[in-house]
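Observations on chain architecture
Each chain, written out:
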Amino acid sequence: DAGVIQSPRHEVTEMGQEVTLRCKPISGHDYLFWYRQTMMRGLELLIYFNNNVPIDDSGMPEDRFSAKMPNASFSTLKIQPSEPRDSAVYFCASSFLTGELFFGEGSRLTVL
Amino acid sequence: GEDVEQSLFLSVREGDSSVINCTYTDSSSTYLYWYKQEPGAGLQLLTYIFSNMDMKQDQRLTVLLNKKDKHLSLRIADTQTGDSAIYFCAESRSGGYNKLIFGAGTRLAVHP
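What comes next is a walk through the structure. (Residues numbered from 1 in each chain as written. Chains lettered and ligands numbered in written order. Predicted model: local features only at pLDDT ≥ 70, side-chain atom pairs only at ≥ 80, totals over all residues. Heavy atoms only, no water.)

Thoughts on the packing of aromatic side chains
The tally for this structure, following the rule as stated, stands at 16 aromatic pairs over all chains. With 6.2 Å between their ring centres and 15° between their planes, A:Tyr31 and A:Phe33 make a pair best called stacked. A:Tyr31 sits in the buried class, given a relative accessible area of 15%. Its end group placed over the ring of B:Tyr48, B:Lys56 keeps NZ or CZ at 4.0 Å from the ring centre. (Phe/Tyr/Trp six-rings, centres within 6.5 Å; stacked < 30°, edge-to-face > 60°. Buried < 20%, exposed > 50% of the residue type's maximum accessible area, 1.4 Å probe, protein only. Lys NZ or Arg CZ within 6 Å of the ring centre and 35° of its normal.)

This is the structure in structure tokens:
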């Protein structure tokens, strides 16, 4: 298996633009997580899904952020409109039952 | 508080032992985890301990758990330059297996 695949790896955009980050979890995994990593706040859990259903979105910072999982092999995290303080590395991770999370390589977002 | 806390930086000499400490918050955590992040990569599971254990050894790694004090530590014996990375402890929040809350990470630097 190729592991968790995220795209894009790097994105530079201007304030106010819409950003869409994509994730393909490992086949057969039924949990999917979106985390954000910054120097100031460390690794924050934004939202997670179980069997494509959002279970806990309490970490989503505000309404500008939204996440979807239309099927078992694809999820998106959207920021609209983006702001400079959204600059971070966004990780997607997936797991199956045991709690061992498999992380993607991350999407580094820079909002100017 | 709500945070999983770790010291941010540790420097050791090659061949010495490294001890990375963590304080967690949820006494109902079923599992506690150590993840490793190398530069430019996502996190990878290093080891974990079940909450009814107080010690787990896995080759050069020793995990100690003090449930009374909610303290977790990771000892790396014979530390090598390849061990240089950021180490995250994580707790499974709300008693579940999959919702992991991470500390800020401890950057381990190994010097000759």
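A few points about the pairing of strand 6 (residues 55-58) of chain B
All names here are of chain B. Pairing geometry for strand 6 and strand 7 (residues 61-66), over four bridges, is antiparallel. By the bridge assignment, Gln57 is partnered in strand 7 with Thr62. Here strand 6 folds back onto strand 7, and the loop between the two strands holds two residues, one of which, Gln59, carries a positive phi near 55°. (Pairing = 2+ DSSP bridges. Helix = DSSP H or I, 4+ residues; strand = E, 2+ residues; numbered from the N terminus.)

Brief notes about the nonpolar core
With 40 residues, the main nonpolar core has A:Tyr35, A:Phe103, B:Trp34, B:Tyr35, B:Leu72 and B:Phe102 as its most contacted residues. At six residues, strand 9 (residues 85-92) of chain B tops the list of elements feeding residues into this core. (Core = buried A, V, L, I, M, F, W, Y, C linked by side-chain atoms within 4.5 Å.)

A word on the interface of chain A and chain B
The interface is formed by 21 residues belonging to chain A together with 16 residues belonging to chain B. Summing both sides of the interface, chain A and chain B together bury roughly 1400 Å²; the carbon and sulfur share of this comes to 54%. Across the chain A-chain B interface, the total number found is zero salt bridges. At the boundary of chain A and chain B, one finds three residue pairs in polar contact (both at pLDDT 80 or more). The class makeup of the residues in the side of chain A that touches chain B is ten nonpolar, seven polar and four charged. (Contact = heavy atoms within 4.5 Å. Buried area = accessible area lost by both parts, 1.4 Å probe. Salt bridge = Lys/Arg side-chain N within 4 Å of Asp/Glu carboxyl O. Polar contact = N/O pair within 3.5 Å; in protein donor to acceptor, adjacent residues only side chain to side chain. Nonpolar A, V, L, I, M, F, W, Y, C, P; charged D, E, K, R; others polar.)

With respect to the side chain of A:Ser75
Residue and element names in this part refer to chain A. Within the element layout of this structure, Ser75 appears in strand 8 (residues 74-79). Here Trp34 takes part through its side chain, which lies 3.0 Å from a polar atom of the side chain of Ser75. Apart from residues lying up to four places away in sequence, Ser75 is in contact with Leu21, Arg22, Cys23, Leu32, Trp34, Phe49, Lys68 and Met69.

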